[in-house]
Amino acid sequence: MTRNGSWKIGLLFSTSGVTSIIEQSQLNGALLAIDEINAMGGIKGSPLEPVSYDPGSIVPRYGELAERLIIEDKVNVIFGCYMSSSRKEVLPVVERRNALFFYPTLYEGFEYSPNVIYGGACPNQNSVPLANYLMSAFGKRIFFVGSDYIYPYESNRVMRNVLRQGGGEVVGERYFDLETCSDGFDDVIKDIMDVRPDAIFSTIVGQSCIEFYRSYHAAGGDGRICPIASLTTNEGEINAIGARASVGHITAAPYFRSISSVANRRFLKAYEQKFGSTIDVTSCCEAAYSQVHLFATALEETGEMDTDCLREALLGASFDAPQGQIKIDPDNNHTYLQSRIATVNEDGEFVIDLKVRRAIKPDPYLVFPAIHDWSFHTQKVSAGGGRGGGRHA
Amino acid sequence: MHDLIRDLRDQNVLLIHPRDRSADELLQQVNRIGCGFDHMWPVPRDLPDKFDMVLVDVTDQSATKLKGFLEKREKPVTIIAIIGYENPSVLNVILEIGAHAVLMKPVRAAGVLSSMLMARRYQSEQERFSKDMAKLREKLDNVQKVNDAKFILMRHRGIAEREAYDIIRKQAMTKRTTTTEIAQSIINAESILSNLGDS
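Residues numbered from 1 in each chain as written. Chains lettered and ligands numbered in written order. Predicted model: local features only at pLDDT ≥ 70, side-chain atom pairs only at ≥ 80, totals over all residues.

All names here are of chain A. Ordered in space as β2-β1-β3-β4-β5, the five strands form an open sheet in which the pairing is parallel. The open sheet terminates on both sides in strands that have one partner only, identified here as β2 (48-53) and β5 (116-118). Strand-to-strand twist of the sheet, defined as the mean angle between neighbouring strand axes without regard to direction, takes the value 25°. Pairing analysis gives six bridges linking strand β1 (residues 7-12) to β2, with the strands arranged parallel. If you follow I9 over to β2, its bridge partner there is P50. The sheet strands contacting helix α1 (residues 20-39) are β1, β2 and β3 (77-80), and the helix crosses β2 at an angle near 165°. Across the sheet, helix α3 (residues 84-96) is in contact with β3, β4 (100-103) and β5; its angle to β4 comes to roughly 160°. (Pairing = 2+ DSSP bridges. Helix = DSSP H or I, 4+ residues; strand = E, 2+ residues; numbered from the N terminus. Axes fitted to C-alpha atoms, helices over the stretch in contact; angles between N-to-C directions. Contact = placed C-beta atoms within 7 Å.)

Dropping the structure here:
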């Protein structure tokens, strides 16, 4: 605790640059949770005090600012990062200084650090349900597009394996620079129109994701016939793309804004009160929100910012998140998460089609997810988000 | 995708290490990676057959004892040495026991997977090379034998190399055996005959 009697925590999300849409929403999620905790009287009578920096979506800046948070601002707990490359910058810093780092983003797995709590999905928690859904609802010929960095490669590797097990086929695979503008997609969209896949699996992130969906629409692509399926395209991007160009497209994620539950309604109401609208609420935003709450509960228990004490309190901790119950897996510091598949409707809102029955255990070191794993059995979600009857494999 | 990466979860790993924090870190990481694992300490008498990989703390261990333990088994095993010091005597132990990779204490979770993979690769290549080597050596011996036999025939019968070889091959076919066997018989016969001449 600092002299003026508050608990300082660091926030490292870009509010400018290519990944600012999503990182802004993560920042908002964290700030909302901080507000809620402070409104309830803080932790042991002292409020949480966020120290926030904007790395501007520039990868090396994340590491530098993490160092600054720890050294100059005397912060021991940091929430932040979207892209894996930025996490890899922060990782050695928090390990060297033994700080605690919360990463509220889905990523490609194959990492464990005692100094990191991973709040987003690993491939085993969302790729398998998505692959099953695409093949049963649309067909087995899938075209891959992705941004040119580690997450898309690894995510596509997993997807390719799951598809093959189900008799699917990858009919094209292309990667693009993060800065790619709309005309940069002309070639691949022409290719897609020629090849006529049953669906497109996209791991294009950031601003270029918006450009890609728009270009696809402009070239006559229709999500209701051949959808773009993604793990990363959230409410924020759909809002920027616009309802007309995004209708029919599919995303798999632990959380969608349209979930019908008491916890989610409470969350959305509070978000709207603070930020004016819920237009940019995404699964990564919800993850940041939930991680701050998990941290606060742990801090209430330990009463000190010591990394080792906090970790002990966090491992195995659960939280009634907007997505449903989540839990930090003591085996690997990742999080048990829900898994849902949703389609964008005419109003540009995600409608949840399927969800798995219970939170899926994270398996960050899984090389080959098995398509028929029982834990991936999904159930239909009716229009209101309640329970439906049908059971799908 | 390389088979070694795909099959990593099939590996059964034995950790031989005092039960301390390093051991816990290691066991947890092996568990995260998804391999079957077990822990033993001190160094057991025998290495159970089910283990494919051994992670062994070589601190204060005698190379001879470790080597005896690791080599007693028929089935080859992948060896990863865990070391606390990098002085020449420790380095000597890891060379002596034929470790395929090394992990340094204190153990960090990151890097264990790569070490396991590189050790597996090194061990499986070594095994393949020594098998190939044995095969080549045998083949070379055989060629040498057939050559020797050919020269004996050429000398005794005053025939050309090609004819000598044809004789050996025909004999092998009639007797349903290999050219090497026939060559060996010719060499044996020659040595008996020449010894008779000497006495």
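What follows continues from the structure just given.
Right, let's talk about the interface of chain A and chain B for a bit. In this assembly, nine residues from chain A lie in contact with 10 residues from chain B. Partitioned by chemical class, the residues of the side of chain A that touches chain B number six nonpolar, two polar and one charged. (Nonpolar A, V, L, I, M, F, W, Y, C, P; charged D, E, K, R; others polar.)

Turning our eyes to something else, we now look at the sheet that holds strand β3 (residues 53-57) of chain B. Residues and elements named next belong to chain B. Strand order in the open sheet formed by five strands is β2-β1-β3-β4-β5, with parallel pairing between adjacent strands. At either end of the open sheet lies a strand with only one pairing partner, and these are β2 (36-40) and β5 (101-104). When strand polarity is set aside, the average angle formed by the axes of neighbouring strands in this sheet is 20°. Pairing of β3 with strand β4 (residues 78-83), which is carried by five bridges, proceeds in the parallel orientation. Note on β4: the bridge partner recorded for D57 is I82. Taken strand by strand, helix α2 (residues 21-33) contacts β1 (12-16), β2 and β3, and its axis lies near 165° from that of β2.

Assignment of secondary structure puts N161 of chain A in helix α5 (residues 150-165). N161 of chain A sits 206 residues away from V367 of chain A along the chain, and the two C-alpha atoms are 9.3 Å apart.

All names here are of chain A. Along its 13 residues, α3 runs 19 Å from first to last C-alpha, staying within 8% of the 18 Å computed at 1.5 Å per residue. Largest kink in α3: about 25°, centred on V90, with the proline P92 one to four residues after it. Looking at α3, one finds that the buried residues are S84, S86, R87, E89, V90, L91, V93 and V94. Buried residues along α3 sit in contact with α2 (59-71), β3, β4, β5 and α5. Just downstream of α3, N98 is the residue with a positive phi angle, here 50°. (Expected span 1.5 Å × (residues − 1). Bend = angle between axes of the 7 residues up to and from the residue. Buried ≥ 20, exposed ≤ 12 C-beta atoms within 10 Å, placed from the backbone.)

Residue and element names in this part refer to chain A. Within strand β6 (residues 141-147), six of the seven residues are buried, which leaves the element mostly enclosed by the surrounding structure. A crossover links β6 with its parallel partner strand β7 (residues 169-176), the connecting element being α5, and its sense is right-handed. In the sheet, β6 pairs with strand β8 (residues 199-203) via five bridges, with the strands oriented parallel. Note on β8: the bridge partner recorded for I142 is A199. (Right-handed = clockwise from strand over helix to strand, strands pointing away.)

So, about the nonpolar core. If you look at the biggest cluster of nonpolar residues, it comprises 119 residues, and the most contacted ones within it are L12, A30, A66, I78, F101, I200 and V292 of chain A. If one sorts the elements of this core by residue count, helix α11 (residues 283-302) of chain A sits on top with 11 residues. Residue-level mapping places this core at the junction of two domains, with at least three residues from each of domain 1 (7-121 + 260-328) and domain 2 (123-253 + 339-392) of chain A. Setting aside chain neighbours within four positions, we find F101 of chain A in contact with I78, V90, V94, N115 and V116 of chain A. Residues L26, I33, F51 and A119 of chain B belong to the second largest nonpolar core, which totals 32 residues. (Core = buried A, V, L, I, M, F, W, Y, C linked by C-beta atoms within 7 Å. Domains from an automatic or database assignment.)

This part covers unusual backbone geometry. Residue and element names in this part refer to chain B. For the bond running from W41 to P42, omega is -5°, close enough to zero to count as cis. The omega torsion across K105 and P106 is 0°, close enough to zero to call that bond cis. Looking at the secondary structure, you find P106 in the loop between β5 and α5 (112-157). A positive phi angle, close to 55°, is found at D60, a residue other than glycine.

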